[in-house]
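Spelled out from the first residue to the last, the chains are:
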Amino acid sequence: MSTTTARAPLATLPPVPRVETPFRRFVSEFAASRLALFGLVVFGIIVLVAVFASWLAPQNPYDLAQLDIMDGRLEPGSVGGSGITHWLGTDDQGRDMLSGIMYGLRISLIVGAGSAIIACLVGASLGMLAAYAGGRTDGLIMRLVDLQLSFPAILAALMILAFLGKGIFNVVIALVVVEWAYYARTVRGSALVERRREYIEAAQCLALPTRRIIFRHLLPNCLPPLIVVGTMQVARAIALEATLSFLGLGVPITEPSLGLLIANGYEYMLSGKYWISFYPGIALLVTIVSINLVGDQLRDVLNPRLKK
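Residues numbered from 1 in each chain as written. Predicted model: local features only at pLDDT ≥ 70, side-chain atom pairs only at ≥ 80, totals over all residues. Heavy atoms only, no water.

Topic: the nonpolar core
Counting residues in hydrophobic clusters, the biggest one holds 65 residues, and the most contacted among them are M128 and L175. Of all the elements, helix 5 (residues 97-133) adds the most residues to this core, at 14 residues. In this view, L175 contacts V111, S115, A237, L240, E241 and L244; residues no more than four positions away in its chain are not counted. Core analysis: the second largest hydrophobic core is formed by five residues, A36, V228, V294 and L298 among them. (Core = buried A, V, L, I, M, F, W, Y, C linked by side-chain atoms within 4.5 Å. Buried < 20%, exposed > 50% of the residue type's maximum accessible area, 1.4 Å probe, protein only. Helix = DSSP H or I, 4+ residues; strand = E, 2+ residues; numbered from the N terminus. Contact = heavy atoms within 4.5 Å.)

Regarding the pattern of salt bridges
Going through the model one piece at a time under the given rule, you end up with six salt bridges. As a salt-bridge pair, D91 and R95 come within 2.6 Å of each other at their nearest N and O atoms. R95 carries the same exposure label as D91, and that label is buried. Where salt bridges share partners, they join R143, D146 and R185 into one cluster. (Salt bridge = Lys/Arg side-chain N within 4 Å of Asp/Glu carboxyl O.)

Some points on a nonpolar patch on the surface
A cluster of nonpolar side chains, namely F246, L247, Y266, M269, L270, Y274, F278, I282, L285, V286 and V289, defines an oily patch on the protein surface of about 1100 Å² accessible area. With five residues, the top contributor of residues to the nonpolar patch is helix 13 (residues 275-302). With respect to the element layout, M269 can be found in the loop between helix 12 (258-264) and helix 13. (Patch = residues over 30% accessible without salt bridge, like charges linked within 9 Å, V, L, I, M, F, W, Y side chains within 5 Å. Areas by Shrake-Rupley, 256 points an atom, 1.4 Å probe, with all protein chains shown as cover.)

A word on the environment of I154
Mapped onto the secondary structure, I154 falls in helix 7 (residues 153-164). Sequence separation between I154 and A174 is 20 residues, and the spatial gap between their C-alpha atoms is 9.6 Å. Residue contacts for I154: discarding those within four places in its chain leaves L240, T243 and L244.

Some remarks on the confidence of the model for the protein chain
Mean pLDDT over the protein chain stands at 87; residues scoring 70 or higher make up 92%. For the protein chain, the element scoring lowest by mean pLDDT is helix 1 (residues 3-11), at 50; helix 3 (residues 34-51) scores highest, at 95. Ignoring residues within four places in sequence, the model shows residues 1-6, a span with pLDDT below 50, making one contact including any to other chains. (pLDDT = per-residue confidence, 0-100.)

Remarks on helix 11 (residues 223-246)
Think of an α-helix as turning once every 3.6 residues; residues three or four places apart then point the same way. Taking 1.5 Å per residue as the helical rise, helix 11 with its 24 residues ought to reach 34 Å, and the 34 Å between its terminal C-alpha atoms agrees with that figure. Just downstream of helix 11 lies G248, where phi reads positive at about 90°. (Expected span 1.5 Å × (residues − 1).)

Things to note about the side chain of R95
Within the fold, R95 resides in the loop between strand 2 (85-86) and helix 5. Look at R95 and you get buried, because its relative accessible area is 2%. Reaching out from R95, the side chain makes a polar contact with the side chain of Q93 at a distance of 3.1 Å. For R95, the residues in contact, after removing those within four places along its chain, are Q59, P61, L67, G89, T90, G100, I253, P256, L261 and N264. (Polar contact = N/O pair within 3.5 Å; in protein donor to acceptor, adjacent residues only side chain to side chain.)

So, unusual backbone geometry
The phi torsion of most residues other than glycine is negative, and most of the peptide bonds are trans. Of note in this structure, R73 is not a glycine but carries a positive phi near 60°. Among the secondary structure elements, R73 is positioned in the loop between helix 4 (53-56) and strand 1 (78-79). Residue R73 is classed as partly exposed on the basis of its relative accessible area of 33%. One non-glycine residue, A207, lies in the positive phi region at around 60°.

Dropping the structure here:
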């Protein structure tokens, strides 16, 4: 028998089937929406611009020594006294709008993501405790949740900041206070369903510690709705921070966020100097919409009831 004849049967072997893991299934289902992919790409670009703003921005808008009041309210495309071309114009303080938007995105993302993570930790822990303990503990925690959700978020945040004062850290605290209840209610609802599963009963029969049952067995199965709520709350936190800064109770004027940049140009809107508020508003809108597009697709993928 020749070598060619001996190797011939190997070429006819069927290909090895590709194993579909849960992660691959999640990626394929998420990629089925072009809008979600577009939102993810746009949000990724926004994050990169915010992270590398120090290298990309033509001016440091936080450095008062680089600002020239004579360059105030220049039109888009104008060249300032320092030789910098202000492609999006300048505000009333001579701050380059393109640089201000890049640095403002950094503040907005830090505040939004930071407050969402802290609120998630607090709310998820209380929600898990309420679902697992039950009884008076559940009743007390859920009454606090109902009380928190009964107040408008913007009103509660304004009251907190009126007491604490301006500052990024204070804004984060205010947003955590108004956001944790959403996580607690979401986690509690999922945990009540998972608590009746057989694996929880088996863990209890094995006399495993309560902390291990909650964080090693119960919490991982409650992550899908938590991820969806967390994504939506990041966009909501960014919008709330912009609203607070627009009203003058957010970040200090020396570290302007997108909301403060919009507020700086509000009084000039009717005088034709639209760019001071218009371009930061567009950046804020694109950021929130991109996050919401990703969050909507995550909700459809991670919630089996919504699958068509």
